[in-house]
Amino acid sequence: MKGARNRVVALCGGIGGAKLVLGLSRVITQADLTVIVNTADDFEHLGLAVSPDLDTVMYTLAGLDDPRRGWGRRDETWSFMRSLAALGGETWFRLGDGDLATHVERTRRLRQREKLSVITADFCRRLGVAVEIVPMSDDKVRTRVCTDIGDLDFQDYFVRRRCAPVVRRLDYEGAATARPHDLALAALRDSRLRAAVICPSNPLLSIEPILAMPQLREAVAACPAPVIGVSPIIAGAAVKGPTAKMMAELSLPVTASAVARRYSDLLDGYVVDRADASHAQELDVPVMITNTLMLSLADRELLARDVLGHADSLAKAPA
């Protein structure tokens, strides 16, 4: 139908976000979905360019993700890590043999001055992913975690130290001057946009680095469709990862409504779990109450439908 609003943009990073993105990809046409992915977790390890959030989303949509570990590729083998350990190399960040191929090829192409976004699009095409996965920027943005033992690179805090240090502050180095990818801005400005979805990813580590780029935050605020946030907190806890721990250490209430307030200037609607129904009264935006715990593929699809249904109910009239 001419003029139909059928495009969806998702802001995403990490496992929880990837689950909802998978659900969205199964309830709408894949080519109508653009996923803007956090790259502030990217780092260089063993001389290789590693993009954890990009790979998590890509592997999930390609059906290559490991559902047990939640990261990396399924049916992985570990010959490289065993050999590295035998030589006394650093093994705190585990790279499976299949995953290693992704990082080696990405690094080779980056050194030939290809852009991360171009490489990502090509990987997706080769893996049969029709969803448009866009790095938030081709410019370098890096999360620094300021803790009680000093300032740490993100992966040092997250993986090597297993999130044990107490967080005092987060800095998104480079975000103020980084240019959002043109495809991300174009997707958010598309007149056919049905919804912009802020996925239930860690708000501090996965979503706010994206929103720390002024142009991108402005594009989300001005987009022609409802902006719907999905809470990553259920009954005062995170499903996975350090979200609740970090919020508590930063003196933030560990609640669904506290996350919504982080995005308050952007949201047209919010989605919370049934366990947090009482928080609906605390917010100034329309709240949908549903099941947000995504344990199965059916759960992912149902939540995706609920999120889009909430957006449809709040749709702005065409200009």
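The structure displayed is predicted, hence computed values, not measured ones.

Even without glycine at this site, Leu46 takes up a positive phi of about 55 degrees. The topology assignment puts Leu46 in the loop between strand 3 (43-45) and strand 4 (48-50). Positive phi values are uncommon outside glycine, yet Ala235 reaches one of about 55 degrees. On the secondary structure map, Ala235 appears in the loop between strand 11 (233-234) and strand 12 (237-238). For Ala235, a relative accessible area of 54% corresponds to the exposed category.

Side chains of Val239, Leu293 and Leu295 sit close together on the surface and give an oily, nonpolar patch of about 280 Å² of accessible area. Secondary-structure assignment places Leu295 in the loop between strand 14 (287-290) and helix 12 (297-313).

With that settled, the discussion passes to the packing of helix 1 (residues 14-27) against helix 2 (residues 52-62). At their nearest, the axes of helix 1 and helix 2 sit 9 Å apart, and the two run at 35 degrees to each other. Of the two possible hands of crossing, helix 1 and helix 2 adopt the one that is right-handed. Here Gly14, Ile15, Ala18, Val21, Leu22 and Ser25 of helix 1 come into contact with helix 2, specifically with Asp53, Thr56, Val57, Thr60 and Leu61. Per-class residue counts for the contact of helix 1 with helix 2 are six nonpolar, four polar and one charged.

Cut-off values and rules
Residues numbered from 1 in each chain as written. Predicted model: local features only at pLDDT ≥ 70, side-chain atom pairs only at ≥ 80, totals over all residues. Heavy atoms only, no water. Helix = DSSP H or I, 4+ residues; strand = E, 2+ residues; numbered from the N terminus. Buried < 20%, exposed > 50% of the residue type's maximum accessible area, 1.4 Å probe, protein only. Patch = residues over 30% accessible without salt bridge, like charges linked within 9 Å, V, L, I, M, F, W, Y side chains within 5 Å. Areas by Shrake-Rupley, 256 points an atom, 1.4 Å probe, with all protein chains shown as cover. Salt bridge = Lys/Arg side-chain N within 4 Å of Asp/Glu carboxyl O. Axes fitted to C-alpha atoms, helices over the stretch in contact; angles between N-to-C directions. Left-handed = near helix turned anticlockwise from the far one by under 90°. Contact = heavy atoms within 4.5 Å. Nonpolar A, V, L, I, M, F, W, Y, C, P; charged D, E, K, R; others polar.

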